[in-house]
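Single-letter residue listing:
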Amino acid sequence: MNAIRTIRAIRGMNDILPGEIGAWQHVEGHARALLEAYGYEEVRPPMVERTELFRRSIGEVTDIVEKEMYTFDDRNGESLTLRPECTASVVRAAIEHGLLRTPGRRVWTMGPMFRYERPQKGRYRQFHQIDVEIFGVAAPSAEAELIVLTRRLWKALGIGGLVLELNSLGSRDIQAGYRARLVDYFSAHSSALDADSLRRIGTNPLRILDSKNPAMQGLIEEAPRIVDELDADARAHFDELLAMLDEAGVAYRLNHRLVRGLDYYTGTVFEWTTDELGAQGAVCGGGRYDNLVAEIGGPASPAIGFAIGLERLVALLEVQSVELPVAGPHAYLASAGTRASILAHAVAERLRDAVPDLRLVVDAGPGSFRAKLKRADRCGARIALLLGDEEARIGRIAVKDLRAREPQSTVAIEELAGHVARNVFAR
Ligand code: HAM
């Protein structure tokens with residue numbers, strides 16, 4: 001008979017396990033609290049959208065749309081795509097549900113994204129983002145707010161050393177002029193280009209600047225710079241942002257090669273990067289996309305946002321040995337014997353009623369009290385509550401402090417709630 005083959009997770013899609021979840025919750029909890037404190041409202045768009053949405057917003061000639069989308073026909077023959085990012089989805093939802101009628105609307109969302117990339121450290125096929133967007137604010141104060149908010153988040157998480165990189169891509173008109181200059185430049189050096197870049201001269205030359213091909217880095221470094229093409233308005237906007245950041249004490253590095261991998265950007269773009277994670281150093285990226293809302297059928301509305309890559313942020317917490325708060329149970333109730341185990345859940349429920357917010361685990365495994373005590377200790381509980389048949393009969397329960405070298409005591413089950421509230425919960 002053939003052995004049954006075990007089914008494993010899909011390459012590039014990871015399980016997040018109990019030992020890792022603390023770091024995720026640390027990040028998510030701080031992000032949620034901070035976003036709420038700054039006035040952002042949570043939205044949860046679906047994970048699947050019409051393919052057309054991403055083609056139109058991210059751009060036909062981008063790595064994401066050309067080679068990385070999980071696209072399939074549903075049973076009606078409609079082309080759908082697992083979202084590779086969610087700015088397009090948030091914009092679609094905002095248009096569809098009239099969220100743009102309130103100017104200055106701030107929204108955020110969190111969840112998995114899907115890109116068929118070559119999996120490696122820090123780059124996965126399912127990964128998670130916290131995505132934040134502001135609609136209806138044309139002034140650079142929107143950029144400044146997003147940047148000071150992220151700076152506060154890194155501090156709250158205990159992360160140091162992230163570098164803010166900034167560039168401005170100008171309006172669509174400026175980009176059109178710049179594109180022509182790039183076509184001239186790269187055409188004059190076509191023998192040094194790889195196949196992808198050669199093709200992109202004719203389709204989307206800005207994307208050549210994204211190339212990670214080491215052989216082309218010198219050529220890209222010498223290419224014309226978009227900052228040199230900015231008109232007076234774009235220059236003034238960018239300068240005002242830099243003045244706001246200077247005033248708020250935010251350090252930044254101007255990076256003229258920062259063009260981002262999505263076509264919807266106009267104006268400011270930024271990334272928070274680290275050199276502590278190897279090749280995948282961008283932990284957060286975003287920028288202004290003042291044309292996108294109209295391009296996908298909404299009312300003309302400026303917009304700006306960013307997304308944080310959670311896998312990379314969690315990896316950085318680990319690399320920087322950030323200590324995470326541990327929230328083990330306050331109490332661990334173990335029973336042995338028929339009568340005691342019949343009573344155990346009733347005792348636990350009464351305790352939970354009497355001490356709200358108590359973290360109480362009821363042992364569910366086999367074995368002796370010794371084995372159960374070991375489990376209680378391993379899960380980080382402060383006290384163990386031990387209920388044997390004899391205790392059950394006389395209405396008492398043994399209390400053992402697992403963190404102090406104190407002798408075990410017994411208390412009347414009637415008085416257990418008061419005892420736990422005074423001695424464990426309040427401490
Ligand atoms: P993005 O730069 O494509 O921008 O992604 C944002 C972040 O997601 C990256 O900086 C990185 O941390 C993480 N990330 C991207 N791809 C992967 C991957 N394959 N594996 C692990 N992490 C990854 C956007 O997605 C835009 N929607 C951001 C935005 C929001 N712009 C305006 N609003």
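1. A short note on the overall build of the chain
Step number 1: Within the chain, the secondary structure is distributed over 15 helices and 16 strands.
Step number 2: Taken against the 2.2 N^0.38 rule, which gives 22 Å for 427 residues, the C-alpha radius of gyration of the chain at 28 Å runs more than 25% over that of a compact globule.
Step number 3: With respect to the three principal axes, the spread of C-alpha positions in the chain is 90 × 65 × 40 Å.
Step number 4: A buried classification covers 48% of the 427 residues belonging to the chain.
Step number 5: Put simply, of all contacts in the chain between residues at least 6 apart along the chain, 71% involve residues at least 24 apart.
Step number 6: Surface exposure of the chain reaches about 21400 Å², of which carbon and sulfur atoms provide 51%.
Step number 7: When the 54 positive and 59 negative side-chain charges of the chain are each reduced to one mean point, those points stand 8 Å apart.

2. Here we look at the site of the ligand
Step number 1: Neighbouring residues of the ligand: 27 residues in total, closest Glu85, Glu117, Arg260, Tyr265 and Ala282.
Step number 2: Ala282 places a polar main-chain atom, nitrogen or oxygen, 2.8 Å from an oxygen atom of the ligand.
Step number 3: Across the complex, the protein chains shield 96% of the 660 Å² of accessible surface that the ligand would expose by itself.
Step number 4: Elements that contribute at least two residues to the shell around the ligand include exactly strand E6 (126-135), strand E10 (282-288) and strand E11 (303-309).
Step number 5: The dominant element in the shell around the ligand, judged by the number of residues it contributes, is E10, at 6 residues.

3. Things to note about the sheet that holds strand E4 (residues 79-82)
Step number 1: Strand order in the open sheet formed by 3 strands is E2-E4-E3, and the pairing between neighbours is antiparallel. Of all strands in the sheet, those with a lone pairing partner are strand E2 (48-50) and strand E3 (70-73), marking the two edges. This sheet shows a mean twist of 35° between the axes of neighbouring strands, independent of strand direction.
Step number 2: In terms of strand pairing, E2 meets E4 through 3 bridges, oriented antiparallel. Bridging across to E4, Glu49 finds its partner in Thr81.
Step number 3: Across the sheet, helix H2 (residues 51-58) is in contact with E2, E3 and E4; its angle to E2 comes to roughly 75°.

4. Points about the pairing of strand E15 (residues 396-401)
Step number 1: In terms of strand pairing, strand E14 (residues 383-388) meets E15 through 4 bridges, oriented antiparallel. Following the sheet pairing, Leu386 is matched in E15 by Ala398.
Step number 2: Bridging between E15 and strand E16 (residues 409-412) involves 4 bridges; their strand directions are antiparallel. Bridging from a neighbouring strand, Arg396 pairs with Ala412 of E16.

5. Concerning the packing of H2 against helix H4 (residues 87-96)
Step number 1: The contact between H2 and H4 brings their axes to 9 Å, and the two run at 110°. Comparing their axes, H4 and H2 come out roughly perpendicular. In contact with Leu53, Phe54 and Ser57 of H2, H4 contributes Ala88, Ser89 and Arg92.
Step number 2: Its residues assigned to classes, the contact of H2 with H4 shows 3 nonpolar, 2 polar and 1 charged.

6. A short note on the nonpolar core
Step number 1: Within the largest apolar cluster, 42 residues are counted, with the highest numbers of intra-cluster contacts made by Ile130, Trp154, Leu166 and Ile308.
Step number 2: With 8 residues, helix H5 (residues 141-157) is the largest single contributor of residues to this core.
Step number 3: With residues near it in sequence (within four places) discarded, Trp154 still touches Ile159, Leu162, Trp272, Val283, Cys284, Ile308 and Leu313.
Step number 4: Membership of the second largest hydrophobic core comes to 40 residues, among which are Ile64, Leu100, Val107 and Met216.

7. A look at the pairing of strand E12 (residues 331-336)
Step number 1: With 5 of its 6 residues buried, E12 lies for the most part within the structure.
Step number 2: Here E12 pairs with strand E13 (residues 360-362) via 3 bridges, running parallel. Looking at E13, one finds that Ala331 is bridged to Leu360.
Step number 3: Where the polypeptide runs from E12 across helix H12 (residues 338-354) and back to E13, its parallel neighbour, the crossover connection is right-handed.

8. Thoughts on helix H15 (residues 416-425)
Step number 1: Buried within H15 are the following residues: Leu416, Ala417, His419, Val420 and Val424. Buried residues of H15, seen end-on, are gathered within an arc of 155° and therefore sit on one face of the element.
Step number 2: Against H12, E14, E15 and E16 lie the buried residues of H15.

9. Focus: the side chain of Thr273
Step number 1: In this structure, Thr273 sits in strand E9 (residues 268-273).
Step number 2: Residue Thr273 is classed as buried on the basis of its relative accessible area of 12%.
Step number 3: Separated by 2.9 Å, the side chains of Thr273 and Glu165 make a polar contact.
Step number 4: Those residues within four positions of Thr273 in sequence are excluded, and the remaining contacts are Gly161, Leu162, Val163, Glu165, Gly281 and Ala282.

10. Here's the deal with the side chain of Thr150
Step number 1: Turning to its location among the elements, Thr150 is positioned in helix H5.
Step number 2: In this structure the side chain of Thr150 is engaged in a polar contact, spanning 3.0 Å, whose partner is the side chain of Trp272.
Step number 3: In contact with Thr150, not counting residues within four places along its chain, are Trp272, Cys284 and Phe306.

11. So, the sheet that holds strand E8 (residues 253-254)
Step number 1: The 8 strands are arranged E1-E5-E6-E11-E10-E9-E7-E8 in an open sheet whose pairing can be described as mixed. The two strands at the open ends of the sheet, each matched to only one other strand, are strand E1 (41-42) and E8.
Step number 2: Bridge analysis of E1 against strand E5 (residues 105-114) gives 2 bridges, and the strand direction is parallel. Bridging across to E5, Glu42 finds its partner in Trp108.
Step number 3: Across the sheet, helix H1 (residues 18-37) lies against E1, E5 and E6, angled at about 10° from E6, the strand it touches most.

Cut-offs applied
Every chain is numbered independently, its residues counted from 1 as its sequence is written. The predicted nature of this model means local features are confined to residues of pLDDT at least 70 and side-chain atom pairs, given and counted, to a pLDDT of 80 or more, with totals for whole chains, interfaces and linings taken over all residues. Where side-chain values are given, they derive from all heavy atoms of the structure, hydrogens and water being excluded. Numbered from the N terminus, helices here are DSSP runs of H or I no shorter than four residues, and strands are runs of E no shorter than two. Here the radius of gyration uses the C-alpha set of atoms, whereas the globule reference equals 2.2 Å times the residue count to the power 0.38. Exposure categories follow from relative accessible area, calculated using a 1.4 Å probe and restricted to protein chains: below 20% of the type maximum is buried, above 50% is exposed, and the middle band is partly exposed. Note on contacts: a residue pair is in contact if any heavy atoms of the two residues lie within 4.5 Å. For the accessible areas, the method is Shrake-Rupley and the probe is 1.4 Å, while residue cover comes only from the protein chains on display. None of His or the chain ends enter the tally, which takes Lys and Arg as positive and Asp and Glu as negative. Positions of charges follow a simple convention, taking NZ of Lys, CZ of Arg, CG of Asp or CD of Glu. We call a residue near a given molecule or strand whenever any one of its heavy atoms falls within 4 Å of it. Throughout this description, a polar contact denotes any pair of N or O atoms lying within 3.5 Å of each other; where both atoms belong to protein, one of them has to be capable of donating a hydrogen while the other can accept it, and for residues adjacent in sequence the pair is counted only when both atoms sit in side chains. For two strands to pair, DSSP has to find at least two bridges joining them. Convention adopted: a line fitted to C-alpha atoms gives each axis, helices being fitted over their contacting stretch, and angles between N-to-C directions are expressed from 0 to 180 degrees. Orientation categories follow fixed angle ranges, with anything under 35 degrees roughly parallel, anything over 145 roughly antiparallel, 65 to 115 roughly perpendicular, and all other angles oblique. When residue character is reported, Ala, Val, Leu, Ile, Met, Phe, Trp, Tyr, Cys and Pro are called nonpolar, Asp, Glu, Lys and Arg charged, and the others, Gly included, polar. Side-chain atoms within 4.5 Å link the members of a nonpolar core, which is a set of buried Ala, Val, Leu, Ile, Met, Phe, Trp, Tyr and Cys residues. Classification remark: right-handed applies to a crossover when, strands pointing away from the viewer, the course from the first strand over the helix to the second runs clockwise. To obtain the arc, one takes the directions from the helix axis to the C-beta atoms.

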